[in-house]
Amino acid sequence: AQRVTQPEKLLSVFKGAPVELKCNYSYSGSPELFWYVQYSRQRLQLLLRHISRESIKGFTADLNKGETSFHLKKPFAQEEDSAMYYCALWAAGNKLTFGGGTRVLVKP
Amino acid sequence: EAGVAQSPRYKIIEKRQSVAFWCNPISGHATLYWYQQILGQGPKLLIQFQNNGVVDDSQLPKDRFSAERLKGVDSTLKIQPAKLEDSAVYLCASSLREAGASPYEQYFGPGTRLTVT
């Protein structure tokens, strides 16, 4: 069975500091990994997917198949990055599986 | 374009009562999803439709939950009778992509927060 683990429930950082959200997954095949974000009073939305290899709002994430990880990173956190972040996994023939989420609080 | 609409936004009921949620997807989106998000957890897929057919309902507690999408557009999710553990946010999402394709273009609604007392 596929599973996504986000070990940190809360990450608190100061503005301008780097932030890294951890995501580990278990799946034996070749999954597709995503990061979703939910800002306060807004809808859940896609932030980035590993296939696109883009940097969105300064965030990047690299899929490490050896360590089965897909950590999300930003070198300089901004106050507007405060939100809930969910890592998710999908594989053909399966459903989208979310991790438990990490709340990021960026302090001024 | 208008986003996914859901109603009601909030609902409080007593255990053993019934409740129904409504979802209107983005126009033209053939695939529709219902998720349950319990406090402190990520969303969990309950059921997935493509047009008016069920693609995946393996995680739907069918003894009390039911869902339909009769005309391939709007959908309703019903709980009868509700239990305390059904307290959660129920999210609806829709996608232009077919069921079975990568779900990266899913658009989520605002959710319905259900409290069962």
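Preceding this section is the structure that the text describes.
Here, residues in each chain are numbered from 1, in the same order as that chain's written sequence. Note on labels: chains are lettered from A, ligands numbered from 1, in written order. Since the coordinates come from a predicted model, pLDDT governs what is reported: local features require at least 70, and pairs of side-chain atoms require 80 or more to be given and counted, while whole-chain, interface and lining totals use all residues. Neither water nor hydrogens contribute to the side-chain values; these are computed over all heavy atoms in the structure.

With respect to the packing of aromatic side chains
Centre distance and the angle of the planes are the two values used to describe a pair of aromatic rings. Defined as follows: In summary, the pairing rule links any two rings of Phe, Tyr or Trp, Trp by its six-membered ring, whose centres are within 6.5 Å, and it sorts them by plane angle into stacked for under 30 degrees, edge-to-face for over 60 and tilted for everything else. Put simply, DSSP H or I for four residues or longer makes a helix, DSSP E for two residues or longer makes a strand, and each gets a number counted from the N terminus. To sort residues, take the accessible area from a 1.4 Å probe on protein chains only and compare it with the maximum for the residue type: under 20% means buried, over 50% means exposed, and anything in between is partly exposed.
As enumerated under the stated definition, the model contains 10 aromatic pairs over all chains in all. Arranged with centres 6.4 Å apart and planes meeting at 90°, the rings of Y86 of chain A and F98 of chain A form a pair that is edge-to-face. With Y86 of chain A in strand β9 (residues 83–90) and F98 of chain A in strand β10 (residues 97–98), the pair connects residues that are 12 residues apart, well separated along the chain. The pair Y86 of chain A / F98 of chain A is uniform in exposure class, with both members buried. Here the aromatic rings of F65 of chain B and Y90 of chain B are separated by 6.4 Å at their centres, their planes lie at 40°, and the arrangement is tilted.

Notes on the state of the cysteines
Residue and element names in this part refer to chain A. Using the following cut-off: A pair of sulfur atoms, both from cysteines and within 2.5 Å, is called a disulfide here.
With the rule as written, the count across this model stands at 2 disulfides over all chains. Across the disulfide from C23 sits C87; the S-S distance is 2.0 Å. Measuring the twist about the S-S bond at about -65°, one finds the C23-C87 disulfide to be left-handed. Remark: C87 occurs in strand β9 and C23 occurs in the loop between β3 (19–21) and β4 (24–26); sequence separation between them is 64 residues.

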